[in-house]
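Single-letter residue listing:
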Amino acid sequence: MRGPWKSISGIVLAVTIAFTVIAPRLQAGPAAQDKFVLPFDAQWGKTTLPAGVYTLSVDRFSSNGTIRIARGQQGVGIMLPQLFDYTQKRGKNPELICVRHNGVVTVRALRLPQVGTFYFPLPKELKVLMAQQPQMIETVSLEATD
């Protein structure tokens, strides 16, 4: 008679522990949320962002973190970083680092000073041209909305 109750209590205990660990993560909001004004059109991954006001939210601070971009209430894109470097914490304010080359602006990095820097891949055509012509780096400041 003790056998079945011991199994059931073990299952209940395991479910309780799992719920305790998972529940806070389900209710938690993004790890960071920022607003920015993009003064020019830019490529970010496969998404083209026209000039305008955007918000971004970072799900977690790691190389597999997801970055969501919205314009007003409409989702614009989901960006997956190529690399996350927690040692790159320079500057006082969060910012987007953009590369301007041949009239095209591409978002290369998202720097969050207290956390680190997310790097995004450059388009293939830009990788080839980088060696042929100088590039211009531009930054776009972000405003924390947390």
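Residues numbered from 1 in each chain as written. Predicted model: local features only at pLDDT ≥ 70, side-chain atom pairs only at ≥ 80, totals over all residues. Heavy atoms only, no water.

Engineer: Looking at this model, I keep getting lost on the overall build of the protein. Mind explaining?
Structural biologist: The helix and strand tally for the protein stands at two helices and eleven strands. Reading the protein from its N terminus to its C terminus gives the helix and strand order α-β-β-β-β-β-β-β-β-β-β-α-β. Counting all 146 residues of the protein, 35% fall into the buried class. Taking contacts inside the protein between residues at least 6 apart in sequence as the whole, the part at least 24 apart equals 51%. For the protein, the computed accessible surface area is about 9500 Å², with 58% contributed by carbon and sulfur atoms. (Helix = DSSP H or I, 4+ residues; strand = E, 2+ residues; numbered from the N terminus. Buried < 20%, exposed > 50% of the residue type's maximum accessible area, 1.4 Å probe, protein only. Contact = heavy atoms within 4.5 Å. Areas by Shrake-Rupley, 256 points an atom, 1.4 Å probe, with all protein chains shown as cover.)

Engineer: I keep staring at the environment of Gly 72 and nothing clicks. Help me out?
Structural biologist: With respect to the helices, strands and loops of the structure, Gly 72 is situated in the loop between β5 (67–71) and β6 (74–79). Here the alpha-carbon distance between Gly 72 and Val 53, two residues 19 residues apart in the chain, equals 7.7 Å.

Engineer: Help me understand the side chain of Glu 95 in this model?
Structural biologist: If you trace the backbone, Glu 95 turns up in strand β8 (residues 95–101). In this structure, Glu 95 is in contact with Ala 109, Leu 110, Arg 111, Thr 139, Val 140, Ser 141 and Leu 142, ignoring residues within four places of it in sequence.

Engineer: Can you walk me through the pairing of strand β9 (residues 104–112) in this structure?
Structural biologist: With seven of nine residues buried, β9 is to be regarded as a mostly interior element. Across seven bridges, β8 lies against β9 in antiparallel orientation. Counterpart to Arg 100 in the pairing with β9 is Val 105. Where β8 folds back onto β9 in an antiparallel hairpin, the turn is made up of two residues, including Asn 102, whose phi is positive at roughly 55 degrees. In textbook terms, the turn of a hairpin is the stretch between consecutive antiparallel strands, and for β9 and strand β10 (residues 116–119) this stretch comprises three residues. (Pairing = 2+ DSSP bridges.)

Engineer: Explain the packing of aromatic side chains to me, please; I cannot follow it from the model alone.
Structural biologist: Two aromatic rings, taken as a pair, are described by how far apart their centres are and by the angle between their planes. Considering all chains together, one arrives at three aromatic pairs under this definition. Ring centres 5.2 Å apart and planes at 80 degrees place the aromatic pair Trp 44 and Phe 120 in the edge-to-face group. Of this pair, Trp 44 sits in strand β2 (residues 42–44) while Phe 120 sits in the loop between β10 and α2 (124–129), placing them 76 residues apart in sequence. The class of Phe 120 is buried, set by a relative accessible area of 2%. (Phe/Tyr/Trp six-rings, centres within 6.5 Å; stacked < 30°, edge-to-face > 60°.)

Engineer: What is the right way to look at the pattern of salt bridges in this model?
Structural biologist: Side-chain pairs of opposite charge can arise whenever the charged atoms involved come near each other. This structure, assessed with the given rule, holds two salt bridges. In this structure, the salt-bridge partner of Asp 59 is Arg 68, at a minimum N-O distance of 3.3 Å. (Salt bridge = Lys/Arg side-chain N within 4 Å of Asp/Glu carboxyl O.)

Engineer: Mind showing me how you'd approach the nonpolar core here?
Structural biologist: Note that soluble globular proteins tend to have their nonpolar side chains buried in a common cluster. Formed by 25 residues in total, the largest nonpolar core has its most connected members in Phe 36, Trp 44, Leu 56, Ile 67, Leu 96 and Leu 110. Those elements that place two or more of their residues in this core are β1 (32–38), β2, β4 (52–58), β5, β8, β9 and β11 (136–144). At four residues, β9 tops the list of elements feeding residues into this core. Among all residues touching Leu 96, those that are not within four sequence positions of it are Phe 36, Trp 44, Val 107, Ala 109, Leu 110, Glu 138, Thr 139, Val 140 and Leu 142. (Core = buried A, V, L, I, M, F, W, Y, C linked by side-chain atoms within 4.5 Å.)

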